Each structure stands twice: as C-alpha cells, then as structure tokens.
Amino acid sequence: MRTFGVEEELLIADAVDGMPLALASDILDAAAPRGGDSGPNEPSLKSEFKQEQIEVNSLPCRTAKELRAEIRAGRALADSAARAVGARVAALATPPVFHATPTTGNKRYAAMGTEFGLISREQLTCGFHVHVSIDSPEEGVAVLDRMRHWLPVLLALSANSPFWMGADTGFASYRTQIWNRWPTAGPMDVFGSAEGYRAVLSELLGTGVPLDEGMIYFDARLSRGHPTVELRIADVCLYAEDALTIAVLARALVETSAREWRKGDPASSTLTPVIRMANWKASRFGVNNQLLHPVEQSPYSAADVAGALLRHLRGALTESGDLSLARTGVSTILRRGTGERLQRQAYARRLRLSDVVTAAIASTHQDGERSDAGLVSL
C-alpha cells in the first residue's frame with residue numbers, strides 16, 4: 001500500500017469583513033510557542049508564499065481513515081491558532097476580497113517578489129498538493145508520463161475559486177488562471193526517463209527564469225524533499241471530505257500509472273496543448289458543464305468524464321479498499337457541486353462578499369454532505 005499525505009494552503013481572513021490578514025508568523029507562534037515545531041504524531045503548520053496564508057502538512061498515511069483524521073486535525077490546528085490572534089482560516093483557493101500585497105516572510109520569497117513583479121504581488125492563491133510514495137525516481141517519472149492527461153479531472157472535482165479582486169470571474173477555478181502566470185506552471189511533455197526529467201529541469205534552470213528548483217511548478221512533479229510524486233493541480237477543497245476524495249483518487253492514479261509502466265504500456269500520447277485545453281475547461285466550468293475526456297480528447301459531460309476516471313482507477317481503488325469512498329465522494333461532488341457553487345450561493349443571498357468568507361469558514365470545519373444516491377456508473 002502506497003503511503004500518501006497532503007499539503008493544504010488555507011486563507012487567513014477576518015471573520016467579519018472577509019479581508020485577508022497577514023498573520024502567518026503570528027499563527028505559527030501561537031500554534032507552537034517553542035519555535036514552530038509540532039509534535040511527532042500530528043499535522044504541522046508552515047508559512048507560505050504570502051503572509052495571508054498558512055500551510056497545513058499531514059503526516060504520511062496508509063489508509064483513507066488515517067488521512068481523514070489528519071486533514072480534520074490540521075484544519076482545526078490552524079484555526080485554533082488563528083483564533084488566538086483574532087483571525088480564522090478558510091479553505092478558499094482565492095480570496096473573494098483582495099488587493100495586491102508585497103511578498104514578505106523570507107529572503108527567497110522576497111527575491112521572487114522582486115523578480116516577478118505583479119505576478120508575485122497578486123499570487124495569493126491556495127492549492128492542494130497530494131504526495132504519493134514511489135519506489136524510485138524512475139518509477140516516479142513513469143507515473144508522471146502516464147497520468148498527465150487525467151490530471152484535469154482532479155482540477156474540475158476540486159474547483160473552489162470563482163471570485164477574484166471582488167468580482168465573479170465566471171470561472172470555477174480562477175486560481176488556475178492566476179497560477180499559470182508562473183513561467184513553469186502547467187502540464188508538461190513526456191519525459192521518458194528519470195534522466196530525461198532531470199535534463200528538462202536543467203534546461204529550465206539554465207535559462208535563469210526560475211530562481212531555483214522549487215519554482216518548477218508542473219501540475220505534477222517529483223518531490224525534492226520526499227520519495228513521492230507530488231500532484232499539485234487541485235484547488236484547496238472547501239470541504240474536508242472532498243479533499244480526502246481527491247487524495248484517494250490521486251493515490252490510485254499513481255498506483256494505476258505505475259502498473260501500466262511495469263506492464264510495458266506506453267506513456268500518454270496526448271499532446272501537451274490538448275492537456276492545456278482540458279485544464280482550461282476544468283478551470284472554467286468545474287463540474288458544471290462539459291470537460292475534455294482524457295482518452296477521447298473531445299467534450300463529454302462532467303459525469304461521463306468522472307466515471308471514466310473511476311473506471312480507469314477501479315483496480316487500484318478496490319485493492320486499497322477505497323472504491324466505495326471514491327464513488328460516493330465523486331458522486332457527491334457532482335450532485336452538490338464543488339466549493340465554487342457554495343461560494344456563489346452564499347454571495348447570491350445578500351450580494352456581500354464577506355458572506356462568502358463567513359460561509360467558507362463554517363464549511364472548512366464541517367463535513368460536506370455525502371450520499372450514496374446517484375452513484376457514478378462504473
């Protein structure tokens with residue numbers, strides 16, 4: 001059983017007016033007065049690119065049950081520390097109300113702020129990263145090459161960022177549009193081998209555009225610090241249960257791709273520009289309209305595309321014991337909608353963006369409804 005864990009970037013906000021608050025350092029001090037270290041058996045907090053966000057890191061887990069507990073505990077830890085300094089945390093992938101701010105916190109982030117100008121000043125976005133263990137870099141690159149065309153489905157199922165700079169963007173995941181301003185962000189071509197992967201990184205770093213390897217922002221990449229593949233395409237999910245669903249699907253996608261490699265199945269032949277189109281449709285519509293089918297490469301309903309993903313992953317999900325959880329989770333998202341729908345519903349009631357943040361804070365720390373009704377067909 002592959003281990004997996006998650007990183008959730010959470011927005012620090014004023015619970016009354018919804019404005020982001022630059023309190024990450026204060027929250028870290030409140031959470032761990034001894035200097036920012038959590039205990040050995042609990043989630044940990046760390047600062048991120050902006051002081052208006054905080055990252056929660058889970059421990060590596062073997063079961064969905066363990067990871068569910070980690071996600072809930074991490075959100076509770078972050079919110080408890082935020083309350084101590086007069087704020088709250090919300091799982092919002094973009095802040096509904098926001099003005100560009102300078103980047104502070106450490107020398108690396110400050111250097112990025114100087115080099116990338118408005119891109120960095122406006123980069124207050126919160127993603128959801130899933131780490132899945134691999135046996136070797138060679139296996140990891142084989143996985144990257146074989147799952148690349150499926151990643152847009154995870155984006156659609158996580159979409160949680162309709163508002164930006166006080167306006168409804170029309171997108172389900174506008175974070176994707178903001179994030180893709182970085183020069184290394186998005187899907188990549190097939191690497192072919194671990195050596196091929198390192199060669200691409202070397203070429204990119206040799207241009208002098210990315211400041212370091214940490215700025216290699218592919219939709220999925222090999223982790224620098226852990227023996228894992230890191231799937232980075234998803235918005236932070238409003239509901240903890242949706243985050244668990246995405247993580248379970250991600251682990252199964254890594255396992256399925258590794259099995260394909262071991263069997264000698266070829267890497268994905270989907271053109272990178274076509275994957276970009278799939279990302280764009282997922283960003284624009286979430287689960288509310290058609291998506292590009294990863295195999296057919298043409299528009300299908302979101303339910304059909306999600307069903308195709310579940311069928312593709314059925315073997316791995318069955319063996320991990322996660323098939324029922326994944327089917328229920330995906331079916332719930334399709335019926336109830338992702339976080340973008342709740343945000344728009346909250347705004348529609350009184351046309352106040354502060355209500356969006358208030359509703360998001362509540363939903364961040366509650367379980368989203370789950371139902372076996374209308375399960376996606378397998």
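## Section: the overall build of the protein
- Summing up its helical and strand segments, the protein has 14 helices and eleven strands in all.
- Relative to its length of 378 residues, the protein is compact, with a C-alpha radius of gyration of 19 Å against a globular reference of 21 Å.
- Along the first, second and third principal axes, the C-alpha atoms of the protein reach 55 × 50 × 40 Å.
- Out of the 378 residues belonging to the protein, those deemed buried represent 58%.

## Section: the side chain of Ser331
- For Ser331, the position within the fold is in helix α12 (residues 323-336).
- Side-chain polar atoms of Ser331 contact the backbone oxygen of Arg327, separated by 2.7 Å.
- Those residues in contact with Ser331, other than ones at most four positions away along the chain, are Gly374, Leu375 and Val376.

## Some remarks on the nonpolar core
- With 65 residues, the main nonpolar core has Met147, Leu154, Val229, Leu231, Leu249 and Leu317 as its most contacted residues.
- In terms of residue count, the dominant contributor to this core is helix α9 (residues 240-263) (twelve residues).
- Apart from residues lying up to four places away in sequence, Leu154 is in contact with Leu231, Ile233, Ala234, Ile246, Leu249, Ala250, Leu253 and Leu309.
- Listed in part, the 40 residues of the second largest apolar core include Leu10, Ile12, Ala24 and Ile27.

## Examining the pattern of salt bridges
- Applying the stated rule across the entire model yields 24 salt bridges.
- For Arg83, the salt bridge goes to Asp79, with nearest N and O atoms at 3.2 Å. Pair noted here: Arg83 and Asp79 are both in helix α2 (residues 64-84), with a separation of four residues, about one helical turn.
- With a relative accessible area of 5%, Asp79 lands in the buried category.
- Two residues, Glu255 and Arg259, come together in a salt bridge whose shortest N-O distance is 2.7 Å.

Here is what the cut-offs are and how they apply
- Residues numbered from 1 in each chain as written.
- Predicted model: local features only at pLDDT ≥ 70, side-chain atom pairs only at ≥ 80, totals over all residues.
- Heavy atoms only, no water.
- Helix = DSSP H or I, 4+ residues; strand = E, 2+ residues; numbered from the N terminus.
- Rg over C-alpha atoms; globule rule 2.2 N^0.38 Å.
- Buried < 20%, exposed > 50% of the residue type's maximum accessible area, 1.4 Å probe, protein only.
- Polar contact = N/O pair within 3.5 Å; in protein donor to acceptor, adjacent residues only side chain to side chain.
- Contact = heavy atoms within 4.5 Å.
- Core = buried A, V, L, I, M, F, W, Y, C linked by side-chain atoms within 4.5 Å.
- Salt bridge = Lys/Arg side-chain N within 4 Å of Asp/Glu carboxyl O.

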